[in-house]
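These are the residues of each chain, in order.
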Number of protein chains: 2
Amino acid sequence: MNEDFKVTPWEVSGEIDYDLLVEKFGTRKIDADLIDRLSRYAEPHPLLKRGVVYSHRDMDWILDRYEAGEPFYLYTGRGPSGNTHLGHLMPWIFTKYLQDTFKVPLYFQLTDDEKYLFNDNLELKDTRDMAYQNLLDVIALGFDPELTKIFIDTEYIHSLYPLALKVAKRITFSTARAVFGFDNSNNIGSIFYTSIQAAPAFLGSVLAGKNVPCLIPCGIDQDPHFRVARDIAPTLGYYKPALLHNKMFPGLQGTDKMSSSQPNSTIYTTDPPKLVRKKIMSAFTGGAVSVEEQRKSGGKPEICSVFKYKLYLFEKDDQKLAELYDRCRKGEILCGECKKGLADVIVPFIEEHQRKREEAKERVEEFMLRDCGGT
Amino acid sequence: MNEDFKVTPWEVSGEIDYDLLVEKFGTRKIDADLIDRLSRYAEPHPLLKRGVVYSHRDMDWILDRYEAGEPFYLYTGRGPSGNTHLGHLMPWIFTKYLQDTFKVPLYFQLTDDEKYLFNDNLELKDTRDMAYQNLLDVIALGFDPELTKIFIDTEYIHSLYPLALKVAKRITFSTARAVFGFDNSNNIGSIFYTSIQAAPAFLGSVLAGKNVPCLIPCGIDQDPHFRVARDIAPTLGYYKPALLHNKMFPGLQGTDKMSSSQPNSTIYTTDPPKLVRKKIMSAFTGGAVSVEEQRKSGGKPEICSVFKYKLYLFEKDDQKLAELYDRCRKGEILCGECKKGLADVIVPFIEEHQRKREEAKERVEEFMLRDCGGT
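Bear in mind the structure is a predicted one, so any value in this text is a computation, not a measurement.

J.: Explanation requested: the sheet that holds strand β4 (residues 53-57) of chain B in the structure shown.
T.: Through backbone hydrogen bonds, the strands of a sheet pair up, either in parallel or in antiparallel fashion. Residue and element names in this part refer to chain B. Read from one edge to the other, the open sheet built from 7 strands follows the order β3-β4-β9-β8-β5-β6-β7, with strand pairing classed as mixed. Each of the sheet's edge strands pairs with one partner strand only, and the pair in question is β3 (28-29) and β7 (148-152). Note that strand β5 (residues 73-78) and strand β8 (residues 214-219) share 2 bridges and pair parallel. Bridge pairing in β8 places Tyr73 opposite Cys214. Helix-sheet contacts for helix α12 (residues 200-208) involve β5, β6 (106-110), β7 and β8, and the interaxial angle to β5 is about 140°. Each of β4, β5, β8 and β9 (242-246) is contacted by helix α13 (residues 223-236), which is oriented at about 165° to β9, the strand it contacts most.

J.: Mind showing me how you'd approach the interface of chain A and chain B here?
T.: Frequently, the measure chosen for interface size is the accessible area removed from exposure when the parts meet. Contacts between the two partners involve 39 residues from chain A and, on the opposite side, 39 residues from chain B. Carbon and sulfur atoms make up 68% of the surface buried where chain A meets chain B, a total of about 3,300 Å² over both sides. Ranking the residues of chain A by area buried against chain B places Tyr161(A), Lys169(A) and Ile188(A) at the top, with a combined share of 24%. In this structure, the connection of chain A to chain B is made through 0 salt bridges. At the junction of chain A with chain B, the criterion picks out 20 residue pairs in polar contact (both at pLDDT 80 or more). Secondary structure elements with two or more residues in the side of chain A that touches chain B: α6 (112-118), α7 (124-140), α8 (153-168), α9 (173-180), α10 (188-192) and α11 (194-198) of chain A.

J.: I'm lost on the packing of helix α16 (residues 305-314) of chain A against helix α18 (residues 335-360) of chain A in this one. Help?
T.: In a packed pair of helices, the relevant descriptors are the angle between the two axes and the axis-to-axis distance. All names here are of chain A. The geometry of α16 relative to α18 is characterised by a closest axis approach of 10 Å and an angle of 40° between their N-to-C directions. Between α16 and α18 lies a crossing of left-handed hand. Where α16 abuts α18, its residues Val306, Tyr309, Lys310 and Phe314 lie against Cys338, Lys339, Gly341, Leu342, Val345, Ile346 and Phe349. Here the residues of the contact of α16 with α18 are counted per class, giving 8 nonpolar, 1 polar and 2 charged.

J.: What's the story with the relation of the copies chain A and chain B in this structure? I'm lost.
T.: What relates the two chain copies is a rotation about an axis together with a slide along it. Superposing chain A onto chain B takes a rotation of 180° combined with a translation of 0.0 Å along the rotation axis, leaving an RMSD of 0.0 Å. In symmetry terms, the pair is related by a two-fold rotation axis. Of all interface residues in chain A, 100% are interface residues in chain B too; the two copies therefore contact each other through one and the same surface.

J.: Even after reading the chapter, I still don't get the nonpolar core, so can you show me in this structure?
T.: Soluble globular proteins tend to bury their nonpolar side chains together. One finds Ile196(A), Ile216(A), Ile196(B) and Ile216(B) to be the most contacted residues of the largest nonpolar core, which totals 86 residues. In this structure, Ile196(A) is in contact with Gln109(A), Asp113(A), Asp153(A), Ile157(A), Leu160(A), Ala164(A) and Tyr161(B), ignoring residues within four places of it in sequence. Counting residues in each nonpolar core, the second largest holds 65 residues, with Phe94(B), Phe102(B), Leu215(B) and Phe314(B) among its members.

J.: What am I meant to see in the domain arrangement of chain A here?
T.: Residue and element names in this part refer to chain A. Domain annotation for chain A reports domain 1 (5-249) and domain 2 (263-359). Just the C-alpha atoms count here: the centres of domain 1 and domain 2 sit 29 Å apart. Counting residues at the interface gives 19 residues for domain 1 and 22 residues for domain 2. For the pairing of domain 1 and domain 2, the buried interface totals around 1,800 Å² over both sides, and the portion due to carbon and sulfur atoms is 64%. Taken together, the links from domain 1 to domain 2 amount to 3 salt bridges.

Cut-off values and rules
- Residues numbered from 1 in each chain as written.
- Chains lettered and ligands numbered in written order.
- Predicted model: local features only at pLDDT ≥ 70, side-chain atom pairs only at ≥ 80, totals over all residues.
- Heavy atoms only, no water.
- Pairing = 2+ DSSP bridges.
- Helix = DSSP H or I, 4+ residues; strand = E, 2+ residues; numbered from the N terminus.
- Contact = heavy atoms within 4.5 Å.
- Axes fitted to C-alpha atoms, helices over the stretch in contact; angles between N-to-C directions.
- Buried area = accessible area lost by both parts, 1.4 Å probe.
- Salt bridge = Lys/Arg side-chain N within 4 Å of Asp/Glu carboxyl O.
- Polar contact = N/O pair within 3.5 Å; in protein donor to acceptor, adjacent residues only side chain to side chain.
- Left-handed = near helix turned anticlockwise from the far one by under 90°.
- Nonpolar A, V, L, I, M, F, W, Y, C, P; charged D, E, K, R; others polar.
- Least-squares fit on C-alpha atoms with pLDDT ≥ 70 in both.
- Core = buried A, V, L, I, M, F, W, Y, C linked by side-chain atoms within 4.5 Å.
- Buried < 20%, exposed > 50% of the residue type's maximum accessible area, 1.4 Å probe, protein only.
- Domains from an automatic or database assignment.

Now the structure itself:
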């Protein structure tokens, strides 16, 4: 087993062994039975069927409660350290599928405090500004404004703080150190921070005045926060939050995670369409060293970022995807054609998203949850 | 030197060596020159002349700035873990003297979050309720409503939190552990908390939009919070807060600090006057074992809680205090008479305070600083 990788809420590096993470974190893999059960409500999302959303905690329990007439709410979020990229959109697209399927509320947290505390180069003003940029992308995806409430930590802290205190009182430094790997050099804000990320897992219950199940769709890297939140939930008198974990969205240069630190490997929602096409056309693929070689021995779709992009988000048709895989394997399709095919899907997607993102600027107040009405 | 005592923001025990604290904490003793300088503004408060307010940081600088036309603001506070007692009133009475003398604003912080985080037996609701009880005592002392702004942490967190984050980012766990003695068993809220207590030391500057000197009158036990705040102030671009430290108000049973854990040693502002008298009449004194012995060898005013109460707060006339000391020493006055004399001053004081405290209930909104207008 490959153990030479790191997955924490603040660092993802190396070649991730996702099965090993399930084992290490103590989560459960999503199996055919669970997908079957979900298919009673709607056609399972490709991300589920293709194993991108691949792990969970208590998803069966969420459905049990739902079927017993006790609907859940969704909670997810974003650390606003830079512009939104496709890697961020993926879990939000999946979250929207859940909201559309179950018609449930969504609380969306923007953790400007977190990104300030964990990044030496960012001021609080930067992360708060970026939070506003990021939330336009959330709105642009078409979430239901009646059911969706977005908040920025420093703006919604009046409501979050009492809950965060109750969480914080139940977490020792010892636990935080073991779970997050803190040491003496960490600042005291970063040590406290997990309480703020845990708070929305109980906020729906506080606001409803009764216990409401909470389902958190998020990257597997965020699981440590909620593992701790789950441990303390009973002493707070709340349900443990349930989770659905996705794998990291791959980078265009063959890395396991699309990352803001590698701009060329990353497609931002604000990139000009021409740049998007250019980035895709220079993507890392599973092609052979020469056309001749590839025609002869075929390509390797399993390591190809272009194939992964189609698998993760941009080829919804299972049949077509299987055909593409086969044709690549057999050397019947070359990388240039394949990249062009991907660009022809992503570029219009980005153009459309950018249109909706512009419209979102007029709709911010429909979605915002604020303590004090306005900034 | 007696080192068998402990003074931290959360624990004061043993017989305190106040001179040693000045040395350990690195503060400066208030000397005759500083008292002389203060006497240019007003008759120095007895607490200053008698060495109860006995230590400082940068008080000369505060006066330099003041004289150069740059007035300061005052900041003090209270941890609302129980009812207010005389030990709490003492620094507030001194703070009022400073406000009356210099006509400067006061920010008064009620740390309901702190007391919740540091006390296993208190819920957040308890400490918030107690904050309201305590602030009535502040208002009852007659602070200028135009210049005085009171806030409760969980209610004013929208304004405090961004500032607390900036403080927290600059304090490592290593520093917090060294200064406050934290270990692995401390909860992560308590580790973060000092950021919240430091924030008001800079709040006056934030609200004024320019650097404003801050003077904090407080018990010497609170110095560690502000020592850290002073260390990081320059990197925040703010002045270091200055401090005036008082000794702990003694208990009626001879201990160094009036403490809520010893109800009989403590006079609460809400005690019925009869109970106040009873507590005083059973106080620990410096009397001898018998009347005969005391008439012969005299009493020991230096260890007598009744004498200390007169010294600290309840005998403003230096001459009379000196005479009392002498007469006690010579065995000319017995403890019963002396205790009755103290009760005859404190009981009317408490009765008057309770009247003003009732009136204060109608005046809370004049003083409150809130994020969101009302609770």
